[in-house]
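# Survey of secondary and tertiary structure
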Amino acid sequence: MSHSTTITGISELVTNDGADWELGIRHDAAVVVEDGRIAWIGPRQAAPSTDDQRDLGGRTLIPGFVDSHSHIVFAGDRSEEFAHRMQGEPYTGGGIGQTVRATRAASDDDLRASTRRLLRESRKQGTTTVEIKSGYGLTTAEERRLLRIAGEHTDEVTFLGGHVVPAEYEHDPDGYVSLIVDEMTPACAPLARWADVFCEPHSAHAFTGEQSRAILQAGLQNGLQLRVHGAQLGPGPGPQLAVELGAASLDHATFLTDADISALASVRAQGGPVVTYLPIVEFSTKQPFPDARRTIDAGIPVAIATDCNPGTCFSNSMPLAIAFAVRDMRMSPDEALWSSTAGGAKALRRSDIGRIRVGARADLAVIDAPNHLHIAYRAGVPLVSALELYPKANRS
């Protein structure tokens with residue numbers, strides 16, 4: 001049975017329904033949701049009659065956050081590693097192996113319970129869509145298991161067999177790449193939408209440019225779209241690979257060179273990679289924050305995501321990511337909000353989320369404040385939460 005709800009009492013409505021970076025702000029507006037989709041937007045006085053009314057009492061309505069980069073299907077704890085980094089120990093990627101061991105030993109039920117808990121936390125902070133990567137199994141059977149569990153919670157599932165070289169292949173990394181290309185990817189592709197790789201020559205545990213190319217090409221050959229971890233620990237081949245192979249998103253991008261910026265800008269009109277920044281990682285690893293101004297001024301679309309994982313960023317707070325982007329990455333509050341909603345949707349090549357417009361999914365969030373500036377202005381205060389409408393819309 002069809003069901004409709006009118007949302008009123010909106011102090012500020014952020015629609016993102018326009019060109020990139022434009023928030024499309026409306027005042028004294030109303031929104032009608034019908035069967036999980038936006039059915040009408042207009043002046044409050046002209047709102048049609050519906051089954052239910054929802055008065056926000058002068059709060060702000062925004063599209064739900066789109067967290068386009070996370071690693072939340074895992075087991076174990078790496079809080080001691082975090083403490084050591086805070087005392088000056090550098091991040092190298094080596095701690096991932098500890099999570100792999102713990103995850104392999106965990107039961108399906110334990111992994112499901114942990115994943116559900118983290119997703120509940122995300123919704124309480126305004127996130128309505130989450131991309132989830134595998135990468136803590138690193139055998140064919142284990143990667144398939146993690147992808148199955150991720151797929152129970154999101155359609156945005158990413159195969160990340162190329163996360164790091166597992167301990168059993170420590171002395172034969174090319175043998176592990178062959179396993180990914182010849183066996184893992186064909187077996188895992190039916191369970192995923194995306195393929196990803198940690199392209200990072202500055203880490204002894206990650207993959208070189210040529211190894212990354214082989215892994216990404218295997219993803220393409222098996223029908224997967226591409227994402228790339230690149231330029232996290234230093235300049236490297238990841239950005240150029242993302243451009244060359246048509247990746248949807250280049251993630252981390254902490255150390256982009258001028259040549260990388262030019263290459264990314266050259267393909268923006270063809271739907272080239274979105275640059276997805278993960279600012280809480282810089283907080284958690286004590287690395288320099290990237291300068292997002294360079295990317296934005298070059299006309300390259302930008303997303304903000306959390307990279308929630310047990311090692312380099314055990315936070316799923318998109319509002320915190322926004323605050324760091326504004327404080328430390330030379331982004332305006334408007335740019336940071338757009339990047340965490342419409343930008344994240346663009347990084348997932350989605351047009352049905354990240355915006356409030358007729359026909360889009362009713363994935364909405366409420367800020368307990370009169371305008372969106374309060375997200376960064378009141379950093380650390382739990383102001384944002386996903387708007388729960390009944391009957392509930394389809395899953396994120």
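Residues numbered from 1 in each chain as written. Predicted model: local features only at pLDDT ≥ 70, side-chain atom pairs only at ≥ 80, totals over all residues. Heavy atoms only, no water.

Let us look at the environment of Ala253. Mapped onto the elements, Ala253 comes out in the loop between strand S12 (249-252) and helix H8 (258-266). Relative accessible area serves as the criterion here: at 2%, Ala253 is assigned to the buried category. Remark: the alpha-carbon pair of Ala253 and Thr295, spanning 42 residues in sequence, is separated by 10.0 Å. With near-sequence residues (within four places) excluded, Ala253 lies in contact with Gly230, Ala231, Val275, Tyr277 and Pro290. (Helix = DSSP H or I, 4+ residues; strand = E, 2+ residues; numbered from the N terminus. Buried < 20%, exposed > 50% of the residue type's maximum accessible area, 1.4 Å probe, protein only. Contact = heavy atoms within 4.5 Å.)

Given two aromatic rings, one states the distance between the centres and the angle between the planes to describe the pair. Under the definition given, this model contains seven aromatic pairs. Aromatic pair Trp21 and Trp338: ring centres 4.6 Å apart, planes at 40°, arrangement tilted. Separated by 317 residues along the polypeptide, Trp21 in the loop between strand S1 (4-14) and strand S2 (25-26) and Trp338 in helix H12 (residues 333-340) bring together distant segments of the chain. Between the aromatic rings of Phe74 and Tyr136, the centroid separation amounts to 6.3 Å while the plane-to-plane angle is 70°, which identifies the pairing as edge-to-face. (Phe/Tyr/Trp six-rings, centres within 6.5 Å; stacked < 30°, edge-to-face > 60°.)

On to H12, then. Across the eight residues that make up H12, a large majority, six, are buried. The complete set of buried residues in H12 reads Glu335, Ala336, Leu337, Trp338, Ser339 and Ser340.

Moving on, we get to the pairing of strand S3 (residues 29-34). In terms of burial, S3 is largely enclosed, as five of its six residues are buried. One ladder, built from four bridges, connects S1 with S3; its direction is antiparallel. Counted as the bridge partner of Thr6 is Val32 from S3. Pairing analysis gives six bridges linking S3 to strand S4 (residues 37-43), with the strands arranged antiparallel. Looking at the pairing, Val33 lines up with Ile38 of S4. In textbook terms, the turn of a hairpin is the stretch between consecutive antiparallel strands, and for S3 and S4 this stretch comprises two residues, one of which, Asp35, has a positive phi near 55°. (Pairing = 2+ DSSP bridges.)

Turning next to the packing of helix H5 (residues 173-188) against helix H6 (residues 209-221). Helix-helix packing: each pair is described by the crossing angle between the helix axes and the interaxial distance. Closest axis-to-axis distance for the H5/H6 pair is 9 Å, and the angle between their directions is 5°. Here H5 lies roughly parallel to H6, going by the angle between them. For the pair H5 and H6, the contacting residues are Pro173, Asp174, Val177, Ile180, Val181 and Thr185 in the first and Gln211, Ala214, Ile215, Ala218 and Gly219 in the second. (Axes fitted to C-alpha atoms, helices over the stretch in contact; angles between N-to-C directions. Parallel < 35°, antiparallel > 145°, perpendicular 65-115°, else oblique.)

This brings us to the confidence of the model for the protein chain. Counting all residues, the mean pLDDT for the protein chain is 96, and 98% of those residues have values of 70 or more. Across the protein chain, strand S6 (residues 65-67) holds the top mean pLDDT of 99, while helix H1 (residues 79-86) sits lowest at 92. In the predicted structure, residues 391-396 sits below a pLDDT of 50 and forms 17 contacts with residues beyond four places in sequence or in another chain. (pLDDT = per-residue confidence, 0-100.)

A few words on the sheet that holds strand S9 (residues 157-162). Adjacent strands of a sheet pair through backbone hydrogen bonds, lying either parallel or antiparallel. The seven strands are arranged S8-S9-S10-S11-S12-S13-S14 in an open sheet whose pairing can be described as parallel. Looking at strand neighbours, the two that pair on one side only are strand S8 (132-133) and strand S14 (302-304), the edges of this open sheet. Note: strand S13 (residues 274-277) against S14, three bridges, orientation parallel. Paired with Thr276 across the strands is Ala303, a residue of S14.

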